[in-house]
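# A look at the structure
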Amino acid sequence: INPTSITIITLSIITGTIMTMSSSNWLMAWIGLELNMLAILPIISKPKTTRASEATIKYFLTQAIASAMMLLSSTTNAWQTGNWDIPELKNKFSTTIMTLSLMMKMGAAPIHFWLPEVLQGTTLQTALLITTWQKLAPISLMYMISNNIQPALLMSAGILSMIVGGLGGINQTQLRKTMAYSSINNLGWTIMIMALSPNLAVMNISIYIIMTTPIFLMMTNMSTKTLQNLTTTWTTSTTTTLSIALLMLSTSGLPPFTGFMPKMLALNELITQKLTTLATLAIMTSLFSLLFYLRIAYLIMVLTSPM
């Protein structure tokens, strides 16, 4: 892609997200999301492979359906209440449809099927963009309407995302798919705690983004795409390989790493609200994801590459 196109695409992606995050009107938020989606499509389809084309179409279709649901929800709400303001989403039907559309945009379970496939079909840099920057706009919208969403919907979606993210990542050998399931698992924590403490949810997603970014950048630097590649990276750069292992363990929420803090605060919040069963369920499901992170760390740290 030539420099002019790259500049236009980058500016569109940044503008779209900022527009959505700073707007107070549903139509402006929708326009921002559309701008963002249309700008990222050429980036996904940049590698001239059938996998990339397939990923682009899958991404486009899911995002377009989610946008249509979003428009339906906001229009219905405006028709009922005469108001286009984002925090004024009072209609129950509208709120449910809006929550589902935002979950679809982020790739949370049960509407997560597109995420691992799209990530597998793109480059590591694009995968980084989809798992971090592309989550900001939908999360900010969910944050703005969090008071109106039924807590039961958020909590059940959160737990489901944790289960899917944990179990889905266990049998993966492709690192991009593993990172996709890791993203779904982390979204589960974010969505679940959004019902009780939206600020904590924002902190959780921020820490996740801060930890995921260097993992993807180091994988890009060493061009590792599978677990098999990871076992041989010791020879090229020991420090980078060790850093990936530690960051993976941090993302899993293993104490004493940074990733443990938001999970501990979330569990603390759940127990304070007398939701002990939910807290127990959350801990149990996080063990699934810990399993595949530990496997990656074990492969990196313990096994020696074949001589």
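On a predicted model such as this, the values are computed, not experimentally measured, just so you know.

About the criteria used
- Residues numbered from 1 in each chain as written.
- Predicted model: local features only at pLDDT ≥ 70, side-chain atom pairs only at ≥ 80, totals over all residues.
- Heavy atoms only, no water.
- Phe/Tyr/Trp six-rings, centres within 6.5 Å; stacked < 30°, edge-to-face > 60°.
- Helix = DSSP H or I, 4+ residues; strand = E, 2+ residues; numbered from the N terminus.
- Buried < 20%, exposed > 50% of the residue type's maximum accessible area, 1.4 Å probe, protein only.
- Expected span 1.5 Å × (residues − 1).
- Arc of directions from axis to C-beta.
- Contact = heavy atoms within 4.5 Å.
- UniProt positions renumbered as here; feature names shortened; annotations may be inferred.
- Salt bridge = Lys/Arg side-chain N within 4 Å of Asp/Glu carboxyl O.

## Here we look at the packing of aromatic side chains
- All chains considered together, the criterion is met by two aromatic pairs.
- Each ring, one from tyrosine 59 and one from tryptophan 114, has its centre 5.5 Å from the other, and the planes form 70°; the classification is edge-to-face. Taken together, the residues tyrosine 59 in helix 3 (residues 50–81) and tryptophan 114 in helix 5 (residues 114–120) connect sequence positions 55 residues apart.
- Centre to centre, the rings of phenylalanine 292 and tyrosine 293 are 4.7 Å apart; their planes meet at 35°, and the pair counts as tilted.
- Tyrosine 293 sits in the buried class, given a relative accessible area of 1%.

## With respect to helix 1 (residues 3–22)
- Across its 20 residues, helix 1 extends 28 Å between first and last C-alpha, which sits within 8% of the 28 Å expected from 1.5 Å per residue.
- All of the buried residues along helix 1 are Ile9, Ser12, Ile13, Gly16, Thr17 and Thr20. The arc that holds every buried residue of helix 1, seen down its axis, measures 115°, which confines them to one face. Along helix 1, the residues that are exposed and aim more than 90 degrees away from the buried face are Pro3, Thr4, Ile8, Leu11 and Ser22.
- Of the surrounding elements, those touching the buried residues of helix 1 are helix 2 (26–44), helix 6 (124–131) and helix 7 (133–145).

## Focus on the UniProt feature "transmembrane region" (unreviewed entry) in the chain
- Those residues carrying the UniProt feature "transmembrane region" (unreviewed entry) are residues 152–170, 191–217, 237–257 and 278–301 in this numbering.
- This span, residues 191–217, is 89% helix and 0% strand, and a straight line between its end C-alpha atoms measures 26 Å.
- Split by type, residues 278–301 is 100% helix and 0% strand. Its first and last C-alpha atoms lie 34 Å apart.

## Some thoughts on the pattern of salt bridges
- Counting across every chain of the model gives four salt bridges.
- The salt bridge involving glutamate 117 is made with lysine 58; its shortest N-O contact spans 3.6 Å. One end of the pair, glutamate 117, is in helix 5; the other, lysine 58, is in helix 3, and 59 residues separate them in sequence.
- Judged by its relative accessible area of 27%, lysine 58 is partly exposed.
- Here lysine 177 and glutamate 117 are joined by a salt bridge, their closest N and O atoms 3.7 Å apart. On the criterion of sequence distance, the pair formed by lysine 177 in helix 9 (residues 175–194) and glutamate 117 in helix 5 is long-range, its members being 60 residues apart.
- Residue classification places glutamate 117 among the partly exposed positions, given a relative accessible area of 29%.

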